[in-house]
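Structural overview
Each chain is listed here by its residues.
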Amino acid sequence: QVQLVESGGGLVQAGGSLRLSCAASGRAFIFSNMAWFRQAPGKEREFVAAISWSDRSTHYADSVKGRFTISRDNAKNTVYLQMNSLKPEDTAVYYCGRQSPSGSYYYKVDGYDYWGQGTQVTVSS
């Protein structure tokens, strides 16, 4: 069983920065690939960034590449998403997820078996 709790969202002006955190319970976190997704009103949940448990390799959506950085601290059971140069189109609820051991594709929502409750990020123009 894995529980995920996101924090760090808020209201920021365009060009600003935020750092999201996702605290995980359970020892399984250390061996779990983790990711951030986001969902804007009226849109489907979309992939943002992922990090592996083994070599900490990372993947990013094209829309955030160069602006967002995903990282993890296994000692703290926490995954982070540093978001810089924020744009109004980044406005969404951000969710962290744990990739299922059987999940084949890091960018697909259905490959994740645990999700947090989400944290709202609003970027004003």
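One can find the structure itself at the top, above this paragraph.
Reference entry: report on the structure contained in this document.

So, how was this worked out
- Residues numbered from 1 in each chain as written.
- Predicted model: local features only at pLDDT ≥ 70, side-chain atom pairs only at ≥ 80, totals over all residues.
- Heavy atoms only, no water.
- Phe/Tyr/Trp six-rings, centres within 6.5 Å; stacked < 30°, edge-to-face > 60°.
- Helix = DSSP H or I, 4+ residues; strand = E, 2+ residues; numbered from the N terminus.
- Buried < 20%, exposed > 50% of the residue type's maximum accessible area, 1.4 Å probe, protein only.
- Lys NZ or Arg CZ within 6 Å of the ring centre and 35° of its normal.

Looking now at the packing of aromatic side chains. Applying the stated criterion across every chain, the model contains eight aromatic pairs. Here the aromatic rings of Phe 37 and Tyr 112 are separated by 5.1 Å at their centres, their planes lie at 75°, and the arrangement is edge-to-face. Taken together, the positions of Phe 37 in strand 4 (residues 34-39) and Tyr 112 in strand 10 (residues 112-115) put the pair 75 residues apart, joining distant regions of the chain. With a centroid separation of 5.3 Å and an interplanar angle of 85°, the aromatic rings of Tyr 106 and Tyr 107 are classed as edge-to-face. The class of Tyr 107 is partly exposed, set by a relative accessible area of 41%. Taken together, Phe 37, Phe 47, Tyr 105, Tyr 106, Tyr 107, Tyr 112 and Trp 115 form an aromatic cluster joined through their ring pairs. Over the face of the ring belonging to Trp 115 we find Arg 45, whose NZ or CZ atom lies 4.7 Å from the ring centre. Its guanidinium or amino end placed over the ring of Phe 29, Arg 72 lies 4.6 Å from that ring's centre, counting from NZ or CZ.

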